[in-house]
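In case you want the letters, here they are:
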Amino acid sequence: VPWIIIDAIPYFREWKLQSTKVPTAAEQWECTKQVLFSHFTIKLPTIWLFHALAEPIGMSTYQVPPPTLLFSVTNRYES
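The following refers to the structure shown. In this text the structure is predicted, and so the values were computed from the model without any measurement. (Residues numbered from 1 in each chain as written. Predicted model: local features only at pLDDT ≥ 70, side-chain atom pairs only at ≥ 80, totals over all residues. Heavy atoms only, no water.)

1. Details of the side chain of D7
Next, step 1: Mapped onto the elements of the fold, D7 is located in helix 1 (residues 2–8).
Next, step 2: Within polar-contact distance, the side chain of D7 engages the side chain of K16 at 3.1 Å. (Helix = DSSP H or I, 4+ residues; strand = E, 2+ residues; numbered from the N terminus. Polar contact = N/O pair within 3.5 Å; in protein donor to acceptor, adjacent residues only side chain to side chain.)

2. Some words on a nonpolar patch on the surface
Next, step 1: Taken together, the side chains of I5, I9, Y11, F12 and W15 make up a nonpolar region of the molecular surface, amounting to roughly 540 Å² of accessible area.
Next, step 2: Along the chain, the position of I5 falls in helix 1. (Patch = residues over 30% accessible without salt bridge, like charges linked within 9 Å, V, L, I, M, F, W, Y side chains within 5 Å. Areas by Shrake-Rupley, 256 points an atom, 1.4 Å probe, with all protein chains shown as cover. Salt bridge = Lys/Arg side-chain N within 4 Å of Asp/Glu carboxyl O.)

3. What to know about the environment of L44
Next, step 1: With respect to the element layout, L44 can be found in helix 2 (residues 25–54).
Next, step 2: For the pair formed by L44 and S72, sequence separation is 28 residues and the distance between their alpha carbons is 7.5 Å.
Next, step 3: Among residues more than four places away in sequence, those in contact with L44 are H39 and S72. (Contact = heavy atoms within 4.5 Å.)

4. A short note on the environment of H51
Next, step 1: Along the chain, H51 turns up in helix 2.
Next, step 2: Along the chain, H51 and P67 lie 16 residues apart, while their C-alpha atoms are 9.8 Å from each other.

Here it is in structure tokens:
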């Protein structure tokens, strides 16, 4: 969403790699779907399973508790 807004502001087009390319709404929606799919199928399970798998092998994760479901839904994870 932030990039859709930034892309709509002419000032920022100076730094675009493809300055003549303006993505269509369909292209933006397809990209959004792919990003959400990867976040919910790859990143979120990896983050949640790390704590469950790390403790049995001796890593102490109690100092850093797992994220709450509310935090996971309302915040983005960057790779």
